[in-house]
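A structural walkthrough
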Amino acid sequence: MKQKLCVIGEALIDFISQRKGCSLQDVESFSRVAGGAPANVAGAVAKLGVPAMVLTQLGKDAFGDHIIESLKNSGIDTSHILQSTEYDTSLSFVSLREDGNRDFQFYRRTAADLQYGPENITEDLLDDCGMVHFCSVSLVDSPMKEAHRALLELAMKKGVLISFDPNLRFSLWNDPDALYQTIHEFLPYADILKLSDEELTFITGKQTIEEALPMLFAHRCKCIIYTQGKDGATLYRRNDHTSAKGHQVRVVDTTGAGDSFIGAFLYCLLKEKIDDLENTPIESMEHFLKFANLYAAHTTTMAGALAAMADQEQLRAFQTTLENDDEA
């Protein structure tokens, strides 16, 4: 198995409220950070030490330049990122509630990333990749949706594993039914599916993950990761499952927490060169799950998205602090 991760989708600027506990309407000042779910996942993998590349298009503007600089600083391969003079870099404005959760306002009507088309998906693109990861934000009707389809078809042809985190953002869709239909259009591509407790009912119509499993395993999916925030996560395969507890930490910002979780999990698979998801020992999967929980917990203690992704040294220091706190 090749070790490189390839992500496709949006890379954008998050403008994050500098004041917690107020609505977006009342925010007076913001901090600028590079983000976007696929870029965050690539950042986690690259910071931990496995190669990652991003497929997207940015505006040829100051925000696009900043994102490329930030991605490079995280160790991400940016050689396949395009820049457009006709379209703009996507922006997101985020207000933080007291509990660290968020409200979003996206500016994507002239988004350069949505104009990234299937003609940019060349036959050799995945030659050194072992995993493709994508989300749903860039699956609105656009050239980018068709670029996703072309990349996923190429991945299936080349035997490259596919990871899907729906990462629902309802404000980007005029019609919830269109979002539902699109999710189900792309579910059959996934070998790995990450689903949060908040997304379960919308995507499956079921109240519990156990009720939803037959539907989710109906296609090629081999591994479902069900996340429940501070309560941890459970990994399901067709014939077994395992869980890992979450960590109680002082939450600063949940932006990028889910991205860092799946990034850390994919890092483990890539690092260990695991391509047989069904027959890997369940103990190994549990270990990867615990690692991902630890990594995501660290991310919530930091402001921002891409910049909050830890390297190995930072993660070890965080783990030591947690262990000391547990002993105290």
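Report on the accompanying structure. (Residues numbered from 1 in each chain as written. Predicted model: local features only at pLDDT ≥ 70, side-chain atom pairs only at ≥ 80, totals over all residues. Heavy atoms only, no water.)

1. Digging into the nonpolar core
Counting 59 residues, the largest nonpolar core has Leu 5, Ile 225, Phe 265, Leu 266 and Leu 269 as the members making the most contacts within it. The biggest single contributor to this core is helix α8 (residues 282–300), with 10 residues. Ile 121, Ala 147, Trp 173 and Tyr 236 belong to the second largest nonpolar core, which has 49 residues in total. (Core = buried A, V, L, I, M, F, W, Y, C linked by side-chain atoms within 4.5 Å. Buried < 20%, exposed > 50% of the residue type's maximum accessible area, 1.4 Å probe, protein only. Helix = DSSP H or I, 4+ residues; strand = E, 2+ residues; numbered from the N terminus.)

2. Concerning the pairing of strand β14 (residues 241–244)
Here β14 shows a clear split, with Thr 242 and Ala 244 buried on one side and none of His 241 and Ser 243 buried on the other. With four bridges connecting them, strand β13 (residues 233–236) and β14 associate as antiparallel partners. Its bridge partner lying in β14, Thr 234 is registered against Ser 243. Here β13 folds back onto β14, and the loop between the two strands holds four residues. (Pairing = 2+ DSSP bridges.)

3. So, the pattern of salt bridges
All chains considered together, the criterion is met by 16 salt bridges. Of the charged contacts in the structure, one is a salt bridge between Arg 149 and Glu 185, with a shortest N-O distance of 2.7 Å. With Arg 149 in helix α3 (residues 143–158) and Glu 185 in helix α4 (residues 176–186), this pair connects stretches of sequence that are 36 residues apart. Here Glu 185 falls in the partly exposed class, since its relative accessible area comes to 32%. (Salt bridge = Lys/Arg side-chain N within 4 Å of Asp/Glu carboxyl O.)

4. Considering the side chain of Ser 17
Structurally, the position occupied by Ser 17 is in strand β2 (residues 12–20). Under the relative-accessibility criterion, Ser 17 is labelled buried at 6%. Polar side-chain contacts of Ser 17 include one of 2.6 Å to the backbone oxygen of Arg 19. Residues within four places of Ser 17 in sequence aside, it is in contact with Cys 22, Val 27, Ser 29, Phe 30, Val 94, Ser 95 and Leu 96. (Polar contact = N/O pair within 3.5 Å; in protein donor to acceptor, adjacent residues only side chain to side chain. Contact = heavy atoms within 4.5 Å.)

5. Some points on helix α7 (residues 257–271)
Helix length check: α7 (15 residues) gives 21 Å between terminal C-alpha atoms against 21 Å at 1.5 Å per residue, within 8%. With 13 of 15 residues buried, α7 is to be regarded as a mostly interior element. Looking one or two residues beyond α7, the residue adopting positive phi is Lys 273, at roughly 55 degrees. (Expected span 1.5 Å × (residues − 1).)

6. Brief notes about the sheet that holds β2
With mixed pairing, the four strands of this open sheet are ordered in space as β3-β2-β7-β8. Each edge of the open sheet carries a strand with a single partner, namely β3 (30–35) and β8 (102–107). Ignoring which end each strand starts from, the neighbouring axes of this sheet average 25 degrees apart. When strand β7 (residues 91–96) meets β8, the two strands line up antiparallel, connected through six bridges. Across the sheet, the residue bridging to Leu 96 is Arg 102, located in β8. Along the sheet, helix α2 (residues 62–73) contacts β2, β3 and β7; its crossing angle with β2, the most-contacted strand, is approximately 90 degrees. (Axes fitted to C-alpha atoms, helices over the stretch in contact; angles between N-to-C directions.)

7. Considering the state of the cysteines
Applying the stated criterion to the full structure yields zero disulfides. We note that Cys 6 lacks a disulfide partner, and the nearest cysteine sulfur, in Cys 129, lies 5.0 Å from it. Take Cys 223: it sits in no disulfide, and the sulfur closest to it among the cysteines is that of Cys 221, at 6.9 Å. (Disulfide = S-S within 2.5 Å.)

8. With respect to the pairing of strand β10 (residues 161–164)
Taking every second residue as pointing to the same face, both faces of β10 are buried, with Leu 161 and Ser 163 on one and Ile 162 and Phe 164 on the other. By the bridge criterion, four bridges tie strand β9 (residues 129–134) to β10 in an arrangement that is parallel. Looking at β10, one finds that Phe 134 is bridged to Phe 164. With respect to chirality, the unit in which β9 leads through α3 into the neighbouring parallel β10 is right-handed. (Right-handed = clockwise from strand over helix to strand, strands pointing away.)

Note that every value here comes from positions in space, so none of it alone points to a role or purpose.
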